[in-house]
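# Commentary on secondary and tertiary structure
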Amino acid sequence: DVKVTQSSRYLVKRTGEKVFLECVQDMDHENMFWYRQDPGLGLRLIYFSYDVKMKEKGDIPEGYSVSREKKERFSLILESASTNQTSMYLCATRQVNQPQHFGDGTRLSIL
Amino acid sequence: QKEVEQNSGPLSVPEGAIASLICTYSDRGSQSFFWYRQYSGKSPELIMFIYSNGDKEDGRFTAQLNIASQYVSLLIRDSQPSDSATYLCAVRGSGGGADGLTFGKGTHLIIQP
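These notes cover the structure that comes with them. Starting afresh in each chain, residues are numbered from 1 along the sequence in its written order. Just so you know, chain letters begin at A and ligand numbers begin at 1, following the order they were written in. With pLDDT at 70 or above as the cut-off, local features in this predicted model cover only qualifying residues; side-chain atom pairs require 80 or more to be listed or tallied, and sums for whole chains, interfaces and linings still use all residues. Derived side-chain values reflect all non-hydrogen atoms in the structure, with water molecules and hydrogen atoms excluded from consideration.

### As for the side chain of Gln70(B)
Residues and elements named next belong to chain B. Secondary structure counts use DSSP, requiring at least four H or I residues in a row for a helix and at least two E residues in a row for a strand, with both numbered from the N terminus. Relative to the assigned elements, Gln-70 resides in the loop between β7 (61-66) and β8 (71-76). Buried means the residue's accessible area, taken with a 1.4 Å probe over protein chains only, is under 20% of the maximum for its type, while exposed means over 50%, and partly exposed covers the values in between. Accessibility expressed as a relative area gives 12% for Gln-70, which makes it buried. Two N or O atoms count as a polar contact when they lie within 3.5 Å, although within protein this holds only if one can serve as hydrogen donor and the other as acceptor, and sequence-adjacent residues are included solely when both atoms are side-chain atoms. A polar side-chain atom of Gln-70 sits 3.2 Å from the main-chain carbonyl oxygen of Ser-26. Contacts are residue-level and defined by heavy atoms, with any inter-residue pair within 4.5 Å sufficient. Each residue touching Gln-70, except ones within four places of it in the same chain, is listed here: Cys-23, Thr-24, Tyr-25, Ser-26, Asp-27 and Arg-28.

Quick look at the structure:
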């Protein structure tokens, strides 16, 4: 079974804080993704990575950065959190030419 | 701009009936099609994928792809209350960006006991 683990299910932070969201997979998948999901807007891609130390911008990268130092771990960083970054954050992974599988998600609230 | 459209619903179906969900897409070069189920407050779960024109069956679920008309459908036979969820369609396009995966906004399905 595919297992994608996100570090927190719920997280509350304050405006201006630097926030780290972690995602770990144990399937040796090369591709990893970060999405956010908001009511009425659906899933939107923030960043993705094809391999270690590689990263590419998705559709809405502004205000975010990522890090992939090891194959199994992909981190999403909110450099200076703002209230409009309150959302459900979803990590996904896949092997090449296979479907994406999602972690359980992190519901992030920025106060 | 690649678009994937779904009727947001809610789509209400009596228990035991067939639920039919439709997804249309704009990119003619799209190659792979996925259906995810998402329960409220949970993450999306892959239930079906289809890569070629025609039908693909898995238990109570059937995915149907019509490339000429640019739509993919999901049929759920013998619908159960546990099938009540939001169903997301995702399409992998012909190239460009990321995985080339574009998601629809989902159809909210309600199975009435």
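### Some remarks on the pattern of salt bridges
Counted as salt bridges are all cases of a side-chain nitrogen of Lys or Arg within 4 Å of a carboxyl oxygen of Asp or Glu. A complete count under the given rule lists nine salt bridges over all chains for this structure. Between Glu69(A) and Lys53(A) there is a salt bridge; the shortest N-O distance is 2.4 Å. Placement of Glu69(A) in strand β7 (residues 64-70) and of Lys53(A) in the loop between β5 (42-49) and β6 (56-57) is noted, with a sequence separation of 16 residues between them. By the burial criterion, Glu69(A) is exposed, and Lys53(A) matches it. A salt bridge links Glu57(B) to Arg77(B); the shortest N-O distance between them is 3.5 Å. Taken together, the residues Glu57(B) in strand β6 (residues 54-58) and Arg77(B) in the loop between β8 and β9 (85-92) connect sequence positions 20 residues apart. A single salt-bridge network, built from bridges that share partners, covers Arg36(A), Asp38(A) and Arg44(A).

### Overview of the sheet that holds strand β3 (residues 19-25) of chain B
Residues and elements named next belong to chain B. Two strands are said to pair when DSSP picks up at least two bridges between them. Taken in spatial order, the five strands make up an open sheet running β1-β3-β8-β7-β6, and their pairing is antiparallel. Each edge of the sheet is formed by a strand with only one pairing partner; in this case those strands are β1 (4-6) and β6. The mean inter-strand angle of the sheet, taken between neighbouring strand axes irrespective of direction, is 20°. Summarising the sheet, β3 and β8 pair through six bridges and their orientation is antiparallel. Its bridge partner being in β8, Ser-20 is matched across the sheet by Leu-75. A fitted line through C-alpha atoms serves as each axis, taken over the contacting stretch for helices, and the angle formed by two N-to-C directions is quoted from 0 to 180°.

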